[in-house]
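Residue-level structure breakdown
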Amino acid sequence: MLFDPDTLKRKSGELESASPQEILRFAFDTYPKIAISTAFGLDGCALIDIATKIKPDVQVFTIDTDYLFAESLALRDRLIEKYQLNLTVLKPLLTIEQQAQQHGADLYKSDPDKCCSIRKIEPNIRAIAGLDAWIAGLRRDQARTRVDIDILERYDHDDGTPYVKIHPFANWDRKTMWAYVIVNEVPYNPLLDQGYKSIGCWPCTKPVAEDGNERDGRWAGQDKLECGIHTFAKRKA
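Residues numbered from 1 in each chain as written. Predicted model: local features only at pLDDT ≥ 70, side-chain atom pairs only at ≥ 80, totals over all residues. Heavy atoms only, no water.

1. Some points on the packing of helix 3 (residues 42-54) against helix 8 (residues 174-183)
Between helix 3 and helix 8, the shortest axis-to-axis distance is 10 Å and the interhelical angle comes to 55 degrees. With respect to each other, helix 3 and helix 8 are oriented oblique. Seen along the crossing, helix 3 lies across helix 8 with a hand that is left-handed. Judged by residue contacts, Leu-42, Asp-43, Ala-46, Asp-49, Ile-50 and Lys-53 of helix 3 engage Met-177, Trp-178, Tyr-180 and Val-181 from helix 8. The residue makeup of the contact of helix 3 with helix 8, split by class, is 7 nonpolar, no polar and 3 charged. (Axes fitted to C-alpha atoms, helices over the stretch in contact; angles between N-to-C directions. Helix = DSSP H or I, 4+ residues; strand = E, 2+ residues; numbered from the N terminus. Parallel < 35°, antiparallel > 145°, perpendicular 65-115°, else oblique. Left-handed = near helix turned anticlockwise from the far one by under 90°. Contact = heavy atoms within 4.5 Å. Nonpolar A, V, L, I, M, F, W, Y, C, P; charged D, E, K, R; others polar.)

Okay, structure coming up:
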C-alpha cells in the first residue's frame, strides 16, 4: 500500500491528468480497506455511479444527522435500489432531544460548529476508523476552502495509523459534473432544481442566487463554509 508522503505527492501529481475512473481504479487496486463517503449531493451521486460501475460492492457510508431534508432521504432510498448499494448509515451518539438537554435547543443557531461536531464529525470519525483510504467527492471549484485539495492526501487516524483521502473529482468543475449526471441519467436531489446548489441539514441550507457560489447557501449569514468533516484532521501530505 502507498502511504509514504513524498511518494503520495508524486503519485497525486501524476493523477492530475487522469479521469475519475482511472483514479478510482488506482485506489481500488492499491487500498484493500476503502470506502466512499456521500451526503448524496450531486458529486456524491456521480461518485456512486462511477465507482459501482468499477467495483459494484464498494463500501459506501453516509451520516444521517437527523436534520436531513425529506428529499435527501428519498434520494438515498432511490440510490440504494438503483445501485444495490453496500451502504452503512451512521447516526450521532446523541438524539436531537438529548443534544438539546445537554447543549440547549437549536444548537445549530447558537453554536453551529459544536452542532456539526456532534452530528457530523464524530460519526464520520467512526465511519473511517480502520480504513486504508477514504474517497470523497470534493472539487476545487466548490469553495475557497477546497482550492488546494490534492487528488491524494495523507492523514493519520486517532491511533496513529495512516490513511489516504482520495478526491477523484478534484479538477472537475460544476458544469462537467452536471454533464456527467445528465448524460448518465444519475438520480439527483430535486432540490437542486429549486435554487439549492449544495444540500446539507435543512436548518442550515438555503437556496442561492443563480450566479451565487455553490456553498453560499450553507450556514448563510455566518462565517462558515465547512461542517468540519473534511477539515477536522491534520493533513500530513
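That covers the picture; the talk isn't over yet.
2. Notes on the pairing of strand 3 (residues 86-90)
Sheet topology note: the strand 2 (residues 59-63)/strand 3 ladder contains 5 bridges and is parallel. Counterpart to Ile-63 in the pairing with strand 3 is Leu-90. Crossover handedness for the path strand 2 to helix 4 (residues 70-83) to strand 3: right-handed. (Pairing = 2+ DSSP bridges. Right-handed = clockwise from strand over helix to strand, strands pointing away.)

3. Let's talk about the packing of aromatic side chains
Under the counting rule described, the total for this entry stands at 10 aromatic pairs. Ring geometry for Tyr-67 against Trp-202: centres 6.0 Å apart, planes inclined by 75 degrees, an arrangement best described as edge-to-face. Of this pair, Tyr-67 sits in the loop between strand 2 and helix 4 while Trp-202 is found in the segment after helix 8, placing the two residues 135 residues apart along the sequence. Seen in terms of ring centroids, Phe-69 and Tyr-196 are 5.7 Å apart; in terms of plane orientation they differ by 75 degrees. Their pairing is edge-to-face. Of the two residues, Phe-69 sits in the loop between strand 2 and helix 4 while Tyr-196 sits in the segment after helix 8, which places them 127 residues apart along the sequence. Residue Tyr-196 is classed as buried on the basis of its relative accessible area, which comes to 13%. Lying over the aromatic face of Tyr-83, Lys-82 brings its terminal NZ or CZ to 5.4 Å of the ring centre. One cation-aromatic arrangement involves Lys-165 over Trp-134; the distance from NZ or CZ to the ring centre is 4.7 Å. (Phe/Tyr/Trp six-rings, centres within 6.5 Å; stacked < 30°, edge-to-face > 60°. Buried < 20%, exposed > 50% of the residue type's maximum accessible area, 1.4 Å probe, protein only. Lys NZ or Arg CZ within 6 Å of the ring centre and 35° of its normal.)

4. Points about the sheet that holds strand 6 (residues 162-166)
Here we have 6 strands laid out as an open sheet, ordered 3-2-1-4-6-5, and mixed in their pairing. With partners counted over all chains shown, the strands left at the sheet margins are strand 3 and strand 5 (152-156), one partner each. Recorded for the sheet is a direction-independent mean angle of 30 degrees between the axes of neighbouring strands. With 3 bridges connecting them, strand 1 (residues 34-37) and strand 4 (residues 133-135) associate as parallel partners. Within strand 4, the residue paired with Ile-34 across the bridge is Ala-133. Helix 1 (residues 5-14) rests against strand 5 and strand 6 of the sheet, and its axis sits at about 155 degrees to strand 5.

5. Comments concerning the pattern of salt bridges
Where charged atoms of side chains with opposite charge meet at close range, the side chains can pair. The full count for this structure, using the stated rule, is 21 salt bridges. For Glu-14, the salt bridge is made with Lys-11, and the minimal N-O distance between the two is 3.6 Å. Taken together, the residues Glu-14 and Lys-11, both in helix 1 and 3 residues apart, mark about one turn of the helix. Under the relative-accessibility criterion, Glu-14 is labelled exposed at 52%. Judged by relative accessible area, Lys-11 falls into the partly exposed class, the value being 25%. A single salt-bridge network, built from bridges that share partners, covers Asp-43, Arg-139, Asp-141, Arg-174 and Glu-214. (Salt bridge = Lys/Arg side-chain N within 4 Å of Asp/Glu carboxyl O.)

Read these as spatial facts, not as claims about activity.
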